[in-house]
Amino acid sequence: MPAMHYRLRWPDASETVCYSPSLVIHDYLTPGEDYPLPELLRRVREATAIASERVREKFGFACSRAADQLLQTEAHAAPFAHDAEARVRVLAFEPA
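Since the structure is predicted, the reported quantities are computational estimates derived from the model, not experimental observations.

A.B. asks: Account for the packing of aromatic side chains, naming residues and giving values.
C.D. replies: Inspection of the entire model under this criterion finds two aromatic pairs. Their ring planes at 15 degrees and their centres at 6.3 Å tell us that Trp10 and Phe80 sit as a pair that is stacked. With Trp10 in the loop between β1 (4-9) and β2 (15-20) and Phe80 in the loop between α2 (64-77) and β4 (87-95), this pair connects stretches of sequence that are 70 residues apart. The pair formed by Trp10 and Phe80 is uniform in burial state, with each residue classed as buried. The ring of Tyr19 has Arg65 lying over it, and the distance from NZ or CZ to the ring centre is 3.7 Å.

See the structure below:
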């Protein structure tokens, strides 16, 4: 299964490299786009659920690394949740 990384820039200008076990993330995020924080989280949650299910279908178990990544992304987003103007930029997709 082709895994990949995607880089995000947060409202404080910090950057993170995130993991997806599937290329489905391409259908949910666009490099160069800024997303309102709630929208980014919605998209990442949905893509992660689909990717994890694809892993389950192929290997018989969900992708724990994808679940861990989602928790890390949500934790990174938490400090900005109070800011209605908070936006996150998708910088790039990278091979895993």
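Read on, since the account is not over.
A.B. asks: Tell me what's going on with the sheet that holds β1, and back it up with residues and numbers.
C.D. replies: Reading across from one edge, β2-β1-β4-β3 is the order of the four strands in this open sheet, with antiparallel pairing throughout. Two strands close off the open sheet at either side, each with one partner strand: β2 and β3 (34-36). Strand-to-strand twist across the sheet, computed as the mean angle between neighbouring axes with direction ignored, equals 35 degrees. Summarising the sheet, β1 and β4 pair through six bridges and their orientation is antiparallel.

A.B. asks: So what about unusual backbone geometry? Which residues, and what values?
C.D. replies: Although it is not a glycine, Ala13 sits at a positive phi angle of roughly 75 degrees. Tracing the backbone shows Ala13 in the loop between β1 and β2. For Ala13, a relative accessible area of 53% corresponds to the exposed category.

A.B. asks: Give a detailed account of the pattern of salt bridges, specifying residues and quantitative values.
C.D. replies: Tallying each qualifying case throughout the model produces nine salt bridges. One salt bridge connects Glu39 with Arg42, and the closest N-O pair in it is separated by 2.8 Å. Of the two residues, Glu39 and Arg42 are both situated in helix α1 (residues 37-59); the distance of three residues between them amounts to about one turn of the helix. For Arg42, a relative accessible area of 38% gives the class partly exposed. Through salt bridges with shared partners, a single network forms among Arg7, Arg9, Glu15 and Glu94.

A.B. asks: Give a detailed account of the side chain of Gln69, specifying residues and quantitative values.
C.D. replies: As for its placement among the helices and strands, Gln69 is situated in helix α2. Residue Gln69 is classed as buried on the basis of its relative accessible area, which comes to 10%. Excluding its chain neighbours within four sequence positions, the residues that come into contact with Gln69 are Val17, Cys18 and Tyr19.

A.B. asks: So what's going on with the packing of α1 against α2? Which residues, and what values?
C.D. replies: Where α1 contacts α2, the axes come no closer than 10 Å and their chain directions differ by 175 degrees. Put simply, α1 runs roughly antiparallel to α2. Within the contact between the two elements, α1 uses Leu37, Leu41, Val44, Arg45 and Thr48 and α2 uses Ala66, Leu70, Thr73, Glu74 and Ala77. Partitioning the contact of α1 with α2 into residue classes produces six nonpolar, two polar and two charged.

Conventions and cut-offs
- Residues numbered from 1 in each chain as written.
- Predicted model: local features only at pLDDT ≥ 70, side-chain atom pairs only at ≥ 80, totals over all residues.
- Heavy atoms only, no water.
- Phe/Tyr/Trp six-rings, centres within 6.5 Å; stacked < 30°, edge-to-face > 60°.
- Helix = DSSP H or I, 4+ residues; strand = E, 2+ residues; numbered from the N terminus.
- Buried < 20%, exposed > 50% of the residue type's maximum accessible area, 1.4 Å probe, protein only.
- Lys NZ or Arg CZ within 6 Å of the ring centre and 35° of its normal.
- Pairing = 2+ DSSP bridges.
- Axes fitted to C-alpha atoms, helices over the stretch in contact; angles between N-to-C directions.
- Salt bridge = Lys/Arg side-chain N within 4 Å of Asp/Glu carboxyl O.
- Contact = heavy atoms within 4.5 Å.
- Parallel < 35°, antiparallel > 145°, perpendicular 65-115°, else oblique.
- Nonpolar A, V, L, I, M, F, W, Y, C, P; charged D, E, K, R; others polar.

Functional significance is not addressed by these values, which are geometric in nature.
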